[in-house]
Amino acid sequence: MHRFPTTRASPINRTSMPTTTKVDGLLARHKAALQYLYARINYERIPRLPYHDRCFKLERMQELVDRLGNPERAMRTVHVAGTKGKGSTAAMIGSILRAAGVRTGVFSSPHLDRVEERMTVDGVECPAEDLVELVEMLIPIIEAMDGDRAATGEQPAGPTYFEIITALALLHFVRCGVDTAVLEVGLGGRLDSTNVCLPEVAVITSISLDHTQQLGNTLELIAAEKAGIVKPGVPLVSGVTALGAREVIRSICRQRGSRLIELGTDFDVAYRPPRDLADRDSRGEIDFEGRSGEPVRFRSLPLGMVGRHQAVNAAVALAAVGELRGRGRTILDEQIVSGLAAARCPARIEVVGRRPTVIIDGAHNVASIEALVAAIGESFTARKKILVFATSQDKDIAGMMRLVLRLFDEIILTRYRLNPRAAPPKELAAIAARLTGRVCRVCSKPVDAWNAARASAGPDDLVCVAGSFFLASELRRICTCPT
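Quick caveat, the model's predicted, so the values are computed rather than measured.

K.L.:
So, the packing of helix H14 (residues 446-456) against helix H15 (residues 469-480): which residues are in play, and what are the values?
P.N.:
The N-to-C vectors of H14 and H15 enclose an angle of 50 degrees; their axes lie 10 Å apart at closest approach. Compared by their axis directions, H14 and H15 come out oblique. Crossing hand, H14 versus H15: right-handed. Across the interface between the two elements, Pro446, Val447 and Trp450 from H14 touch Leu471, Glu474, Leu475, Ile478 and Cys479 from H15.

K.L.:
Summarise the state of the cysteines; cite the residues concerned and give the values.
P.N.:
The tally for this structure, following the rule as stated, stands at 0 disulfides. Cys126 forms no disulfide, and the closest cysteine sulfur to it belongs to Cys176, at a distance of 7.1 Å.

K.L.:
Explain the sheet that holds strand S15 (residues 410-413) to me, and be specific about the residues and the numbers.
P.N.:
In spatial order, the strands read S12-S13-S17-S14-S15-S16; together these 6 strands make up an open sheet with mixed pairing. The sheet terminates laterally at strand S12 (350-353) and strand S16 (441-442), the two strands that pair on one side only. Pairing analysis gives 4 bridges linking strand S13 (residues 357-360) to strand S17 (residues 462-466), with the strands arranged parallel. What sits directly across from Ile360, in S17, is Val465. This element, helix H12 (residues 397-407), spans strand S14 (385-389) and S15 of the sheet and lies at about 155 degrees to S14.

K.L.:
Account for the pairing of strand S6 (residues 201-204), with residues named and values stated.
P.N.:
Successive side chains on a regular strand alternate, one facing one side of the sheet and the next facing the other. Here S6 shows a buried face lined by Val201 and Val203 and a second buried face lined by Ala202 and Ile204. Two strands pair when backbone bridges link them, and strand S1 (residues 76-81) and S6 are joined in this way by 4 bridges, in the parallel orientation. Within S6, the position partnered with Val80 by the bridge is Val203.

K.L.:
Report on the sheet that holds strand S3 (residues 119-121), specifying residues and quantitative values.
P.N.:
Taken in spatial order, the 8 strands line up as S4-S3-S2-S5-S1-S6-S7-S8 in an open sheet, and their pairing is mixed. Every other strand in the sheet has two partners, leaving strand S4 (124-125) and strand S8 (260-262) as the edge strands with one partner each. In the packing of helix H9 (residues 308-326) onto the sheet, the strands contacted are S1, S6, strand S7 (236-238) and S8, and the crossing angle to S6 comes to about 170 degrees.

K.L.:
Could you give an account of the environment of Ile478, with specific residues and numbers?
P.N.:
Topologically, Ile478 is positioned in helix H15. Residue Ile478 is classed as partly exposed on the basis of its relative accessible area of 33%. For the pair Ile478 and Trp450, spaced 28 residues apart in sequence, the C-alpha to C-alpha distance is 8.5 Å.

Rules used throughout
- Residues numbered from 1 in each chain as written.
- Predicted model: local features only at pLDDT ≥ 70, side-chain atom pairs only at ≥ 80, totals over all residues.
- Heavy atoms only, no water.
- Axes fitted to C-alpha atoms, helices over the stretch in contact; angles between N-to-C directions.
- Helix = DSSP H or I, 4+ residues; strand = E, 2+ residues; numbered from the N terminus.
- Parallel < 35°, antiparallel > 145°, perpendicular 65-115°, else oblique.
- Left-handed = near helix turned anticlockwise from the far one by under 90°.
- Contact = heavy atoms within 4.5 Å.
- Disulfide = S-S within 2.5 Å.
- Pairing = 2+ DSSP bridges.
- Buried < 20%, exposed > 50% of the residue type's maximum accessible area, 1.4 Å probe, protein only.

Take it as geometry only, folks, not as evidence of what the structure does.
Structure representation (structure tokens):
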């Protein structure tokens, strides 16, 4: 068994890596490390995403962490799944733990600009040099696994991109002396690479229709996949409200002897949205009541993220923190208040400019578009609302288009450039025309769509970029820069 070393490794110098013979600087090593990662099978970049035991093998991830000395056992964990809200909920839990003085790692996906964003310790992303060293340390283990599987003809031969990224995050957290890691599921739950952990508390934020070709075309089937993170005897906090999905989760918890803490049964939340965010920064407030274990009530808790859906995410996060307190963690009320107020998550109804108001949001399914539309209605005023929209081929495009066509006065359709899953903008325009007869402008490049939206917007208008995290990634930096 490989034991994770604490010393620095030598620079990458392997036949399977790009040649770096003449340049040994950090930038060259960093580029080589990223090229090595991107050369692995990456289901985030496959147009038609598979999801079955042949491709997503938890046994393969378990072997990888076994060979690394099981870094997932070196820290306490909170495991977060859900159709939407899991990234925000993980960020809120992490922020509260940091406020309580707990050294905290948060693993999230996807990233917007850099792979290093996916693995933060106390809010600081992994340094590029650390990422390089970790990749270099992992290469011999990965290649050994490749070789073992190639000999048997198994496909994919060895660890995938996401499995390696998960292992890198775990190793980085061990290196940094993390006490508690908050691990966000990548896809589903049952077969996700994060599911090698044995958490103190598991969380399912929500269930809605997304990735139906992979997870199932009913809420009940999707719930069963998400509930694959439930471990025997480990409490589960659930924000799921759909009746059929709730019953599936309840049944699985009963089978595994896991105590279930449910929204609407064991805890509740009320939300007061911020107003006039087009003009100034403001925070919404929530009232929270928890009835599981020792009763707890919070009134007028400031919420750093925008939207009624974020109030529900905050309630789920608070219930999870309550479970940690019930297991002996010292987390004071004032630390919960400050941690929740400080929690942020990029590209979640993120205001990046004013006059005109500019919002970046990663909403990429019907449920998250509904949440975006509701938040804009509650918290923003605008003379004219303009949308820059792109999404993936496997989404419910018609369902999303119905919602945005009602709200936005002008819609500019485009496609993100750096991932092959993008739906062609002319197809999006055809769907819009079929639904309402409306003609939407088409721009082949995201930057052209942004420039068109910006040229059309006056100081009292609102420009929103939404439909995909991949689009948010490509435009966020441009939109944030002063024009």
